[in-house]
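Listed here are the chains, written in short residue letters.
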Amino acid sequence: FSDPLAMTLEERKSHLGMRKVWGDLIAADYEQQKTSPHLFPGKARKQWYQRRVREDMSRVLSKNLFDFKLTGVMDDEVKAMEAQFEEMMKSSPEAKAMADRIKELELKHDEDSNKEYIKLLRAATEPFMKSIAGNEALKYGREQTTLTSLKVPTSHDGEFDVLVEVYTPKDLENETKRAAYVYAHGGGAVSLSVEDYRPLIQCFAVDMGVVVFNVDYRLAPETKCPNNIKDFYEAIKFVSKNAESLGIDPAKIVMAGESGGGYIILGVMVLLAENDETDLVKLAIPSVPMVDDYCFSDPLAMT
């Protein structure tokens, strides 16, 4: 799905998901431009796109780009958790009122509504994460790791030191060439913190046998994109630059994040590519990244 013009004629025609009109247009241009079998000259490329857009525009019926129905599937465990959540809402008028108000504010986009939405969202998510943190199943992470912290100085959005918590498995404390797992927590990039995720991510360190650097990047809306991404980017560069003193093997640096943290990771991947610094990380893991508007409800959220 990169650039169909970079393919050969047969590759284009057989490419999975490519509509017939694409094949017809490509074939026509290919016959006219045999002097460049793999990449059309600029003029032919422009003509091809213009014709393709005209052809496509007549069949777009709505904002739902390909006009298909959403068919999201949830695991039974997720359904059970949602049912449990609904029961909890019924038994707690305050919680139900908060959830209803959050849903109402999701459809508004003025500044006051956004501020109230963020306030309520944080009030709802932080206690939830704290309840998870107290689970006995995560106790071993705290017991088997050493907690330290460091601060990464930044200047891209004022003078600010980004807090990074470091979780070192106790059986790795004397090693000097350890793998690093630089982590961006979830929370929609608007809520939660490294403290909220600490018990879970300490278990990551133990289970994977790595030193985890849990980055407390700044949150929206107080910090605007891409400055939260740059907070994490600076943390990656700090770990890489100071690998020796941190006891890290610079060839074994991984960056990962989930949900809002996945968005942070993808943004950092772009920055590393733009600055020719992709060698700083061995692997990037954006887990369930927050990067689109797809949902199980309103197809108009799809663009």
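Residues numbered from 1 in each chain as written. Predicted model: local features only at pLDDT ≥ 70, side-chain atom pairs only at ≥ 80, totals over all residues. Heavy atoms only, no water.

Within the protein one finds 11 helices and 6 strands. Considering the protein as a whole, with its 303 residues, one finds that 37% of them fall into the buried category. At a minimum sequence separation of 6, the contacts of the protein that also span at least 24 residues come to 68%. (Helix = DSSP H or I, 4+ residues; strand = E, 2+ residues; numbered from the N terminus. Buried < 20%, exposed > 50% of the residue type's maximum accessible area, 1.4 Å probe, protein only. Contact = heavy atoms within 4.5 Å.)

Soluble globular proteins tend to pack their nonpolar side chains together in the buried interior. The biggest cluster of nonpolar side chains holds 33 residues, and the ones touching the most others in it are Val182, Phe213, Phe232, Ile248, Met255, Ile264 and Val268. Elements represented by at least two residues in this core include exactly strand S1 (145–154), strand S2 (160–169), strand S3 (178–184), strand S4 (211–215), helix H9 (227–241), helix H10 (243–246), strand S5 (248–258) and helix H11 (260–274). Dropping the residues within four chain positions of it, valine 182 is found in contact with Phe213, Val215, Phe232, Ile236, Val239, Ile253, Val254, Met255 and Ala256. (Core = buried A, V, L, I, M, F, W, Y, C linked by side-chain atoms within 4.5 Å.)

Attention shifts here to the confidence of the model for the protein. On average, residues of the protein score 80 in pLDDT, and 72% of them are at 70 or above. Here residues 1–5 scores under 50 on pLDDT; set against residues more than four positions off or in separate chains, the count is 16 contacts. This stretch, residues 52–68, has a pLDDT under 50; its non-local contacts, to residues over four places away or in other chains, come to 17 contacts. (pLDDT = per-residue confidence, 0-100.)

It is worth spelling out the sheet that holds S1 at this point. Across the sheet, 6 strands lie side by side as S1-S2-S4-S3-S5-S6; this open sheet has mixed pairing. The sheet is open, and its two edges are formed by S1 and strand S6 (283–287), each paired on a single side. Adjacent strand axes in the sheet meet at a mean angle of 20 degrees when their direction is disregarded. Along the sheet, helix H8 (residues 194–208) makes contact with S1, S2, S3, S4 and S5, crossing S2 at roughly 40 degrees. Sheet strands touched by H11: S3, S5 and S6. Its angle to S5, the strand with the most contacts, is close to 135 degrees. (Pairing = 2+ DSSP bridges. Axes fitted to C-alpha atoms, helices over the stretch in contact; angles between N-to-C directions.)

The pairing of S1 with S2 spans 10 bridges and is classified as antiparallel. Across the sheet, residue serine 149 finds its bridge partner in S2, namely glutamate 165. A loop of 5 residues connects S1 with S2, the two strands running antiparallel in sequence, and glycine 158 in this loop sits at a positive phi of about 80 degrees.

This part takes up the packing of H9 against H11. Across the interface, H9 lies against H11 with an axial gap of 9 Å and an inter-helix angle of 70 degrees. Taken together, the axes of H9 and H11 lie roughly perpendicular to each other. Along its contact with H9, which presents Asn228, Ile229, Lys230, Phe232 and Tyr233, the element H11 presents Tyr263, Ile264, Ile265, Gly267, Val268, Leu271 and Leu272. Of the residues belonging to the contact of H9 with H11, the class tally is 9 nonpolar, 2 polar and 1 charged. (Parallel < 35°, antiparallel > 145°, perpendicular 65-115°, else oblique. Nonpolar A, V, L, I, M, F, W, Y, C, P; charged D, E, K, R; others polar.)

Turning our eyes to something else, we now look at the pairing of S5. Here S5 lies mainly inside the structure; 8 of its 11 residues are buried. Of the strand pairs in this sheet, S3 and S5 are connected by 6 bridges, and their pairing is parallel. If you follow arginine 178 over to S5, its bridge partner there is isoleucine 248. Here S5 pairs with S6 via 5 bridges, running parallel. Paired with glutamate 258 across the two strands is serine 287, which belongs to S6. Viewed along the sheet, the connection from S5 through H11 into S6 turns out right-handed. (Right-handed = clockwise from strand over helix to strand, strands pointing away.)

All right, on to unusual backbone geometry then. Most peptide bonds take the trans configuration, and most residues that are not glycine carry a negative phi. Note that the residue after alanine 220, namely proline 221, is joined by a cis bond; omega there is 0 degrees. Within the fold, proline 221 resides in the loop between S4 and H9. Residue proline 226 is bonded to the preceding cysteine 225 through a cis peptide linkage, with omega at 10 degrees. Turning to its location among the elements, proline 226 is positioned in the loop between S4 and H9. Its identity is not glycine, yet leucine 192 carries a phi of approximately 70 degrees, on the positive side. Note that leucine 192 resides in the loop between S3 and H8. Leucine 192 sits in the buried class, given a relative accessible area of 8%.

Relative to the assigned elements, asparagine 214 resides in strand S4. Looking at asparagine 214, the relative accessible area reads 0%, which means it is buried. Polar contacts involving the side chain of asparagine 214 include one to the main-chain carbonyl oxygen of valine 194, which spans 3.5 Å. In this view, asparagine 214 contacts Leu163, Val164, Glu165, Tyr167, Tyr183, Val194, Tyr197, Arg198 and Ile201; residues no more than four positions away in its chain are not counted. (Polar contact = N/O pair within 3.5 Å; in protein donor to acceptor, adjacent residues only side chain to side chain.)

In this structure the tally under the stated criterion is 4 aromatic pairs. With centroids separated by 6.2 Å and ring planes inclined at 15 degrees, the aromatic side chains of tyrosine 181 and tyrosine 183 adopt a geometry described as stacked. Aromatic pair tyrosine 181 and phenylalanine 204: ring centres 6.3 Å apart, planes at 80 degrees, arrangement edge-to-face. In this pair, tyrosine 181 sits in strand S3 while phenylalanine 204 sits in helix H8, placing the two residues 23 residues apart along the sequence. On the basis of relative accessible area, phenylalanine 204 is assigned to the partly exposed category, the value being 26%. Through successive ring pairs, a cluster of aromatic residues spans Tyr181, Tyr183, Tyr197 and Phe204. (Phe/Tyr/Trp six-rings, centres within 6.5 Å; stacked < 30°, edge-to-face > 60°.)

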